[in-house]
Amino acid sequence: MAESFSSQQRFFDNKNYPRGFSRHGDFTIKESQLLEKYGTAFKELDSETRKPLTAEEKSFVSVCRGKKEASNEYEKIWLKYLNCVNKAKKFHTLSGGKPQVDVTDDFIDNDD
């Protein structure tokens, strides 16, 4: 593992995780640390800007392409990250939703 996924940069995703992976709640502390340490290599391998050199990296690329199931924690963490980033975000608003009360209901005022 020492030669696989090596990178000089730490991985941060300021768009989706501006406070860091560990503070968001999607990842465990260990997963957060692995993403920060190896995430740059994962991203480069997934986007094909880096060629896989070791058997682990070749296996990782196969998982990214959907050719095989994730078998180790690195592959599973990267797939989990992609799932979290690519899922539809929940958006809550105070206006523009369905009305709480149906306006066609009859309202009876008993304050005579």
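Quick note: structure is the one above.
What you see is a predicted model; the values in this text were computed from it and never measured. (Residues numbered from 1 in each chain as written. Predicted model: local features only at pLDDT ≥ 70, side-chain atom pairs only at ≥ 80, totals over all residues. Heavy atoms only, no water.)

Phi at Glu-48 takes a positive value of approximately 65°, unusual for a residue other than glycine. Here Glu-48 shows up in the loop between helix 1 (29-46) and helix 2 (55-64). (Helix = DSSP H or I, 4+ residues; strand = E, 2+ residues; numbered from the N terminus.)

Relative to the helices and strands, Glu-57 resides in helix 2. Glu-57 sits in the buried class, given a relative accessible area of 1%. From its side chain, Glu-57 meets the backbone nitrogen of Phe-5 in a polar contact 2.9 Å long. (Buried < 20%, exposed > 50% of the residue type's maximum accessible area, 1.4 Å probe, protein only. Polar contact = N/O pair within 3.5 Å; in protein donor to acceptor, adjacent residues only side chain to side chain.)

Take the nonpolar core next. Core analysis: the largest hydrophobic core is formed by 19 residues, its most contacted members being Phe-5, Trp-78 and Tyr-81. Examining the composition of this core, we find that six residues originate from one element, helix 1, more than from any other. (Core = buried A, V, L, I, M, F, W, Y, C linked by side-chain atoms within 4.5 Å.)

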